[in-house]
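Each chain, written out:
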Amino acid sequence: MIRLGYACISMATKNNPNKKTTLGQLQKLDRAGQRKKLRSILQSNFFNLMEVLEYNRQHDIFLYRLPSEFVPFATHPIAQDWDWEREFRWDFDKAGDYIRTHKMRITSHPGHYSILNTPHPEVLEATIKDFDYHARVLDQLGLDADSVMVTHVGGVYGDKRASLERFAENYRKLPAAIKNRLVVENDDTSFTMRDVLELCESIQAPMVLDIHHHNCINDGEAIEEYLPRIFRTWGDRTPKIHFSSPKSDRDFRSHADDIDVEDFLRFARLLTGNRIDIMLECKNKDFALLKLRSEVLESGETISLG
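A short note on the overall build of the protein
Here comes step 1: On a plain count of helices and strands, the protein comes out with 12 helices and 8 strands.
Here comes step 2: The C-alpha atoms of the protein give a radius of gyration of 19 Å, which matches the 19 Å a tight globule of 306 residues would have.
Here comes step 3: The principal-axis extent of the C-alpha atoms belonging to the protein is close to 55 × 45 × 40 Å.
Here comes step 4: Put simply, the protein has 306 residues, and 53% of those count as buried.
Here comes step 5: Pairs at least 24 residues apart make up 78% of the contacts formed inside the protein by residues separated by at least 6 positions.
Here comes step 6: Working note: accessible area of the protein is about 14100 Å², and carbon and sulfur atoms make up 48% of it.
Here comes step 7: Within the protein, the 47 negative side-chain charges are centred at a point lying 5 Å from the centre of the 42 positive side-chain charges.

Some remarks on the packing of aromatic side chains
Here comes step 1: This structure, assessed with the given rule, holds 9 aromatic pairs.
Here comes step 2: An angle of 85 degrees between the planes, with centres 6.5 Å apart, marks the rings of Trp82 and Phe88 as edge-to-face.
Here comes step 3: Ring geometry for Phe243 versus Phe264: centroids 5.5 Å apart, planes at 80 degrees, classification edge-to-face. Placement of Phe243 in strand E7 (residues 240-243) and of Phe264 in helix H11 (residues 261-268) is noted, with a sequence separation of 21 residues between them. Just as Phe243 is buried, Phe264 falls in that class too.
Here comes step 4: Here a set of aromatic residues connected by ring pairs shows up, and it is made of Phe46, Phe70, Trp82, Trp84, Phe88, Phe92 and Tyr133.

Brief notes about the sheet that holds strand E2 (residues 63-65)
Here comes step 1: Read from one edge to the other, the open sheet built from 8 strands follows the order E3-E2-E1-E8-E7-E6-E5-E4, with strand pairing classed as parallel. Edge strands, defined here as strands with exactly one partner in the open sheet, are strand E3 (105-107) and strand E4 (149-152). Across the sheet, the mean angle from the axis of one strand to that of its neighbour is 30 degrees, orientation sign disregarded.
Here comes step 2: Two elements, E4 and strand E5 (residues 182-185), share 4 bridges in a ladder whose sense is parallel.

Considering the side chain of Glu85
Here comes step 1: Structurally, Glu85 can be placed in helix H3 (residues 84-87).
Here comes step 2: Residue contacts for Glu85: discarding those within four places in its chain leaves Phe92, Arg136 and Gln140.

Let's talk about the pattern of salt bridges
Here comes step 1: Applying the stated criterion to the full structure yields 21 salt bridges.
Here comes step 2: With its nearest N and O atoms 2.8 Å apart, the salt bridge here joins Glu281 to Arg65. Note that Glu281 is positioned in the loop between strand E8 (276-280) and helix H12 (285-299) and Arg65 in strand E2, a separation of 216 residues in sequence.
Here comes step 3: Of the residues examined, Glu281 reaches a relative accessible area of 10% and is grouped as buried.

Details of helix H10 (residues 223-232)
Here comes step 1: Along H10, the positions that sit buried rather than exposed are Ile223, Tyr226, Leu227, Ile230 and Phe231. Buried residues in H10, looked at end-on, bunch into an arc of 140 degrees, giving them a common side. Seen from the open side of H10, the exposed residues pointing more than 90 degrees away from its buried face are Glu225 and Arg232.
Here comes step 2: Buried-residue contacts for H10 involve helix H8 (193-203), strand E6 (207-210), helix H9 (211-216), E7, H11 and E8.

As for the environment of Leu305
Here comes step 1: With respect to the helices and strands, the residue Leu305 is situated in the segment after H12.
Here comes step 2: Note: C-alpha distance between Leu305 and Met1 (304 residues apart in sequence) is 6.1 Å.
Here comes step 3: In contact with Leu305, other than residues within four places in its own chain, are Met1, Ile2, Leu4, Phe264, Arg293 and Val296.

So, H12
Here comes step 1: Taking 1.5 Å as the rise per residue, H12 with 15 residues should run 21 Å; its terminal C-alpha atoms sit 21 Å apart, in good agreement.
Here comes step 2: Within H12, burial applies to Lys285, Asp286, Ala288, Leu289, Leu292, Arg293 and Val296. The buried residues of H12 all sit within an arc of 155 degrees when viewed along its axis, so they share a single face. Of the exposed residues in H12, the ones pointing more than 90 degrees away from its buried face are Leu297 and Glu298.
Here comes step 3: On its buried side, H12 packs onto strand E1 (2-7), helix H2 (31-58), H11 and E8.
Here comes step 4: In the segment just after H12, Gly300 is the residue with positive phi, at about 85 degrees.

A few points about unusual backbone geometry
Here comes step 1: For Asp60, which is not glycine, the phi torsion reads 55 degrees and is therefore positive.
Here comes step 2: Tracing the backbone shows Asp60 in the loop between H2 and E2.
Here comes step 3: Classification of Asp60 by relative accessible area gives partly exposed; the value is 42%.
Here comes step 4: The backbone of Lys103 shows a phi angle near 55 degrees, a positive value even though the residue is not glycine.

The rules behind these values
Residues numbered from 1 in each chain as written. Predicted model: local features only at pLDDT ≥ 70, side-chain atom pairs only at ≥ 80, totals over all residues. Heavy atoms only, no water. Helix = DSSP H or I, 4+ residues; strand = E, 2+ residues; numbered from the N terminus. Rg over C-alpha atoms; globule rule 2.2 N^0.38 Å. Buried < 20%, exposed > 50% of the residue type's maximum accessible area, 1.4 Å probe, protein only. Contact = heavy atoms within 4.5 Å. Areas by Shrake-Rupley, 256 points an atom, 1.4 Å probe, with all protein chains shown as cover. Lys, Arg positive; Asp, Glu negative; His and termini not counted. Charge placed at Lys NZ, Arg CZ, Asp CG, Glu CD. Phe/Tyr/Trp six-rings, centres within 6.5 Å; stacked < 30°, edge-to-face > 60°. Pairing = 2+ DSSP bridges. Axes fitted to C-alpha atoms, helices over the stretch in contact; angles between N-to-C directions. Salt bridge = Lys/Arg side-chain N within 4 Å of Asp/Glu carboxyl O. Arc of directions from axis to C-beta. Expected span 1.5 Å × (residues − 1).

What follows is the structure, given as structure tokens:
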């Protein structure tokens, strides 16, 4: 069984849980005005999250990535005294109950500026703070261990082996609340599928295989030979994979609007007998997911999609 999901923005609704403001706008307000603004945005994001979740349920979409900006300025000093977890306890409970009742899987993906293998202490401090925020959101929703947050290894910094070792060292020092949810993805420029797999095996963390990134950078490895090892890193949890198609031969690293059904089918045939969640990373989001599901059905392939 393969379940498909999409990231952050539903194309079918104008209301998505990614409403935000700017630091400049907040700095024009006094402290009370800032709090009012932040509370209003988070309330809107909860309303919109419930709308998106209901839309997903109606279309049998049970995998969804929550936008990183869900809680506005959660890690910024301007909101350091704002106890959003307490103030929005009822909203977290309501959304979490809905997610659990309908057996949905919610994940997140901290931003590219969160770099665990950085050699710079101030960047590492900000990274851990960002990871902590993402973990707290998933915890406040009361979600199980399948609700993970995805990160990349980070930079090479002139020494790939040392950078991998620094990631492992910093990972081992993380609080359990972060380690319980953090998973590592191969990227499209620096760290290959095998690099990340060996890292994940050494630190005992799950690996998210990104098929498009593997096609961008690899050492000739055949994916099918590595899938069993990748799946074992997940233990009892459901493995998660990222899939996208290249925009063009010339702009290969960029994501296409939709998924090439033939590319998807070639990969999906390797997953027979496994329960896998696949996050589609393409411009048309949920529209691309519904289109792919229809095309797979029309192909006559005996692949079970959720």
